[in-house]
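Structure assessment
Here is what each chain is made of, one letter per residue.
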Amino acid sequence: MKRRDFLKSVSGLAAGAALPAVPSVISSAQADARSETLLIVSEGGPNNLDIHGVGTNVPGYEVSWNCYDRLISHEMKTGPGGVPYYDRDKFKGELAEDMKIDDMSVTFKLKKNAKFHDGAPVAARDVKWSLDRAVSVGGFPTFQMSAGSLTKPEQFVVIDDYTVRVDFLKKDKLTIPDLAVIVPCIVNSELVKKNASEKDPWGLEFTKQQTAGSGAYKVTKWTAGTEVIMERNDDWVGGPLPKIKRVIWRMVPQAGNRRALLERGDADISYELPNKDFQEMKANGKLNVVSLPFSNGIQYIGMNVTKPPFDNPKVRQAVAYAIPYQKIMDAVMFGLANPMFGAAKDKPTEVAWPQPHKYNTDMEKAKALMAEAGYANGFETTISFDLNFAGVNEPLCVLVQESLAQIGIKTTINKVPGANWRTELNKKEMPLFTNVFSGWLDYPEYFFYWCYHGNNSVFNTMSYKSAEMDRLIDGARVAAATGDMATYDTDVKGFVDLAYSDIPRIPLYQPFVNVAMQKNISGYQYWFHRRLDYRAMAKG
Amino acid sequence: MLTMIGKRLMFAIPSLIGVVIVTFLLTRALPGDPAAYFAGPAATKEAVEQIRKKLGLDRPLVEQFFRYTNDLAHGDFGNSLTTGQPVAAEIRNRLPASAELTLLGLIVSIVIAIPLGVLAATRPGSWVDHLCRVTTTAGVSLPVFFTGLVLVYVFYFRLGWSPAPLGRLDVFYSTPPTVTGFYLIDTLLARDFEAFRSALSQLILPATTLAIFSLAPIARMTRAAMLAVLSSEFVRTARASGLSPATVIVTYAFRNAMLPVITTLSMVFSFLLGANVLVEKVFAWPGIGSYAVEALISSDFAPVQGFVLTMAVMYVLLNLVIDILYGVIDPRVRLEG
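Residues numbered from 1 in each chain as written. Chains lettered and ligands numbered in written order. Predicted model: local features only at pLDDT ≥ 70, side-chain atom pairs only at ≥ 80, totals over all residues.

This brings us to the overall build of chain B. Check the secondary structure of chain B and you find 14 helices and zero strands. For chain B, the sequential pattern of α-helices and β-strands runs α-α-α-α-α-α-α-α-α-α-α-α-α-α. Within chain B, contacts between residues at least 6 apart in sequence are counted, and of these 71% link residues at least 24 apart. (Helix = DSSP H or I, 4+ residues; strand = E, 2+ residues; numbered from the N terminus. Contact = placed C-beta atoms within 7 Å.)

Encoded structure:
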């Protein structure tokens, strides 16, 4: 059935819905059309349909995930609350039917019946071209590839039409997982090359506007900032044929309206609502609300350790004892987060991340530590946050401000516009701030490499430098690659302990990703990228 | 007449040049760094620099400005980074959405406000006058997003009379082939009456919201102008000559009171067009206001410049139309460039 015919066939039904005073008789065919269409409402939409593009935003990742295939993907396991959760350690083929890992390379055999949306077969040269593209275009995709030590086009070797080998530059445990993230997607190289130009050799302008993949869905219409319409690709071989035929994704900026649309039953799925709404919707039980912790993610209070007063560990500990943790959990998060504080005194450190620290709200201890540090009369400072997430950040900072005032630290709140936040982080001058970090790859050493290592990446927002910390992090990375689990465990426990005794950043909680959907929607899966995977979903 | 229009347009050129320069400088003076913003959540310093180079932001300001004006001269407004589309195309798509909504809102407002203002002026101190005062005060003191949310809550969420606030058309309709960009007109041209009904039902709530807000200036201005005219000598003469009250009010008084009302209308229209951002947000309306604000939040220069420039051109044209209308309504107003 063509789109236009389809629209004609449902128009009667929709007209009936528009003016409910007119009773409408719904034929079963029309009801089917509606039951095979998923209507998603969210605040923001994609700015680019290709994750390799310049500055593609997070909603754009969702399009890429569903419209392109990768060589491999993750298996599912049962996560918290029985929700399917991606299995960090188990891989399955998507375009590849076989994966063979050798000492310094991995070889993929492609599925021979895989086709791009235009009917061209998916061949080894497409894989090579796409991976070359990912490591060459610069910006975020290239950066993400390098996180798995994938940096040079020479690493991708075509063996024959349906066999590709990826050579390792060095042993790195993250190389294989990095081939299953969103970035190394396989693009229709012939089609894109035809539409590339000298100025744009990778055809980024072309793939920005349309999808050129082999994935389970293809974008049939995209009006930036308004809607994305995706249709199922019936020839998809990456997995079982999805049940949803059509996905309509509309941008509704007003959170209250998104909730109203859900509660009236007009929209099927929404996310990005205030925590309070999620908590209320959970309580009244009309909708299905799924809340799962961000994998490898933490909201924290950071302190710049290069400048007084936060260069003094005693002051940092005092702050850690003065944070109103439980109040933040109750009044800001409405319970929709995992606490990362107040572990029992005798609880041994685990080889896991994130895990709670042992600080609790204890004003007497905080005051004593302030006096010890020579700041019995307190000091003045500013606390900064990103306005893009003001819904959580603002009340959080107000609570922290109130609490710090009790130990003599007078804070002014500095609201930084979203466009400016990253620039401010990069400058590393904010004395006190709150932020979230979460890594796609769910490994403690990955998190610590970005956030605590002395090479001072943008996410080491505290400018924390410690030779001992670097030794432990590097040690864990090497141990992971060589499979030396005993050293790995000691090093991971070591850097967690050090991060908590030196406390340059104070973990508050592990946030939840919340998704609200109608009761008749099933098949939601949690992925590391936290966006929707339509391929497993069903309606009715 | 034509020379007058030509002269007026000539005078607009320096102000447009001024607008181009000022918006260019203002957007560059914004605190955000677009390169850092678009480099993504996990960018290194090198990645940010790569993006900066790609966007041409590493060049000197003067060079950027000349490149920008050169593009403008070729009708190229640049590309928006947040939506990824050419700005000219986006404005062309979004301006009709805002204009349709604003015009309809204004028409609803005029239909209510002008009779209300006239009645209030003819019977000052009566219940009509009080009604006029109360409605206009209430309308102007309720913020538009609040009125919009209340309307959505009552008519969509509670009563279910209104369709879902999901933009210009129900999700299951396809957009009519673009002729004017106004869905009400395009659907009729395409003889798609169901889509017309859908477009109209989507428009009712946002247009009402805008109308409630713009009632006040129009009604108050009508009342004030009518009061002034009604107390003037020619009205007294007309009344003394035994003309019917309707003839006196409509033919003589109202026509003379229209000049200030038209001026107010033009002000209200141009103000609403840019300022209905909040209504657009509440009703997920793909208009020009929300586009500009989103661009501003993400330091996306091109759309902001394009928006300001479009608005400046609209103001110039609107003023011209109003001036011509003056001449039509009141022959005493001689138009001389």
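Our focus in this paragraph is the overall build of chain A. Along chain A, the regular secondary structure elements total 18 helices and 20 strands. Across its three principal axes, chain A shows a C-alpha extent of roughly 75 × 65 × 45 Å. Buried residues in chain A amount to 49% of all 540 residues. Long-range pairs, those at least 24 residues apart, make up 68% of the contacts in chain A with a sequence separation of at least 6. (Buried ≥ 20, exposed ≤ 12 C-beta atoms within 10 Å, placed from the backbone.)

The side chains of a regular strand alternate between both faces of the sheet. Residues and elements named next belong to chain A. Of all seven residues in strand S17 (residues 432-438), six are buried, a share of seventy percent or more. In terms of strand pairing, strand S13 (residues 297-303) meets S17 through seven bridges, oriented antiparallel. From the neighbouring strand, Ile-298 faces S17, where its bridge partner is Phe-437. Across two bridges, the pairing between strand S15 (residues 379-386) and S17 is parallel. When the sheet's bridge partners are listed, Ile-383 is paired in S17 with Leu-432. (Pairing = 2+ DSSP bridges.)

Low pLDDT marks stretches whose predicted atomic positions should not be read closely. All names here are of chain B. Here chain B averages 82 in pLDDT, while 93% of its residues score no lower than 70. Taking the mean pLDDT of every element in chain B, the minimum, 70, falls on helix H2 (residues 34-38) and the maximum, 88, on helix H5 (residues 87-122). Scoring of the predicted complex yields 0.80 for pTM and 0.73 for ipTM. (pLDDT = per-residue confidence, 0-100.)

The subject of this paragraph is the sheet that holds strand S7 (residues 163-167) of chain A. Residue and element names in this part refer to chain A. On the basis of which strands lie adjacent, the open sheet formed by four strands has the order S4-S5-S7-S6 and antiparallel pairing. Two strands lie at the open edges of the sheet, namely strand S4 (96-101) and strand S6 (156-160), each paired on one side alone. Direction aside, the axes of adjacent strands within the sheet are offset by 20 degrees on average. As judged from the four bridges shared by S6 and S7, these two strands associate in the antiparallel manner. Along S7, the bridge assignment pairs Phe-156 with Val-166. The strands touched by helix H4 (residues 124-136) are strand S5 (105-110), S6 and S7; relative to S6, the strand with the most contacts, the crossing angle is about 175 degrees. (Axes fitted to C-alpha atoms, helices over the stretch in contact; angles between N-to-C directions.)

Let us look at the environment of Val-137 of chain A. Residues and elements named next belong to chain A. Mapped onto the fold, Val-137 is located in the loop between H4 and helix H5 (139-146). Classification of Val-137 by C-beta neighbours within 10 Å gives buried; the count is 20. Sequence spacing of Val-137 and Val-54 is 83 residues, and the spatial spacing of their C-alpha atoms is 8.6 Å. Residues contacting Val-137, with those up to four places away along its chain left out, are His-52, Thr-142, Trp-202 and Leu-204.

It is generally the case that most residues other than glycine have a negative phi and that most peptide bonds are trans. Residues and elements named next belong to chain A. At the junction of Pro-308 and Pro-309, the peptide bond is cis and its omega measures out at 0 degrees in the coordinates. Mapped onto the fold, Pro-309 is located in the loop between S13 and helix H11 (313-322). A cis amide bond, omega -5 degrees, links Trp-353 with the succeeding residue Pro-354. Summarising the element assignment, Pro-354 is placed in the loop between strand S14 (337-339) and helix H13 (363-372). Positive phi outside glycine occurs at Ser-463, with the angle close to 55 degrees. Within the secondary structure, Ser-463 sits in the loop between helix H16 (444-451) and helix H17 (467-482).

The subject of this paragraph is the packing of helix H9 (residues 255-263) of chain A against helix H7 (residues 144-158) of chain B. Packing of H9 of chain A against H7 of chain B brings their axes to within 11 Å, and their N-to-C directions diverge by 5 degrees. The orientation of H9 of chain A with respect to H7 of chain B, classified from their angle, is roughly parallel. On the side of H9 of chain A, the interface is formed by Gly-256, Asn-257 and Ala-260 of chain A, while H7 of chain B contributes Leu-149, Val-152, Tyr-156 and Phe-157 of chain B. Residue classes in the contact of H9 of chain A with H7 of chain B are distributed as five nonpolar, two polar and no charged. (Parallel < 35°, antiparallel > 145°, perpendicular 65-115°, else oblique. Nonpolar A, V, L, I, M, F, W, Y, C, P; charged D, E, K, R; others polar.)

Counting 207 residues, the largest nonpolar core has Ala-318, Val-319, Phe-495 and Leu-508 of chain A together with Ile-218 of chain B as its most contacted members. The leading source of residues in this core is helix H9 (residues 193-230) of chain B, at 18 residues. With near-sequence residues (within four places) excluded, Leu-508 of chain A lies in contact with Gln-299, Tyr-300, Ile-301, Tyr-325, Ile-328, Met-340 and Phe-341 of chain A. (Core = buried A, V, L, I, M, F, W, Y, C linked by C-beta atoms within 7 Å.)

Residues and elements named next belong to chain A. Where H16 contacts H17, the axes come no closer than 10 Å and their chain directions differ by 145 degrees. Here H16 runs over H17; the crossing is left-handed. Judged by residue contacts, Glu-445, Phe-448 and Tyr-449 of H16 engage Ile-473, Ala-476, Arg-477 and Ala-480 from H17. Residue composition of the contact of H16 with H17, by class: five nonpolar, no polar and two charged. (Left-handed = near helix turned anticlockwise from the far one by under 90°.)

Before going further, it helps to examine the pairing of strand S1 (residues 37-42) of chain A. Residue and element names in this part refer to chain A. Across the six residues that make up S1, a large majority, five, are buried. Across six bridges, the pairing between S1 and strand S10 (residues 246-251) is parallel. Within S10, the position partnered with Leu-38 by the bridge is Val-247. Note that S1 and strand S11 (residues 269-271) share two bridges and pair parallel. Within S11, the position partnered with Ile-40 by the bridge is Ile-269.

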